[in-house]
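Letter by letter, the chains look like this.
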Amino acid sequence: MDDLVSAVADEVGESRVRAVRLEVGRYAGALPHALRFCFDVAAHGTVLEGAALEIDETDGDELRLKEVEVT
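Residues numbered from 1 in each chain as written. Predicted model: local features only at pLDDT ≥ 70, side-chain atom pairs only at ≥ 80, totals over all residues. Heavy atoms only, no water.

Colleague: Go over the pairing of strand β1 (residues 17–25), please, and point to the residues and values.
Modeller: With respect to burial, β1 is a largely interior element, seven of its nine residues being buried. Where β1 lies against strand β3 (residues 63–70), seven bridges are found, and the strand directions are antiparallel. Within the sheet, the bridge partner assigned to Glu-23 lies in β3 and is Arg-64. By the bridge criterion, seven bridges tie β1 to strand β2 (residues 52–58) in an arrangement that is parallel. When the bridges of β2 are listed, Leu-22 appears paired with Ile-55. (Buried < 20%, exposed > 50% of the residue type's maximum accessible area, 1.4 Å probe, protein only. Helix = DSSP H or I, 4+ residues; strand = E, 2+ residues; numbered from the N terminus. Pairing = 2+ DSSP bridges.)

Next comes the structure, spelled out in structure tokens:
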């Protein structure tokens, strides 16, 4: 999650991030509640702090960044 937060922060620059949407496969080995916890910790002190993490669960094994909403 640190890498995801860093990549998004680098991409958006000084813009504030309102939401991050992920697609997470049921077999990706990542639990949605664990991702939310890690996201909040990793986002602390960055332009992603306070952003919503929205997770769309899919069948399969991929974890993919779907969309970033900025203000």
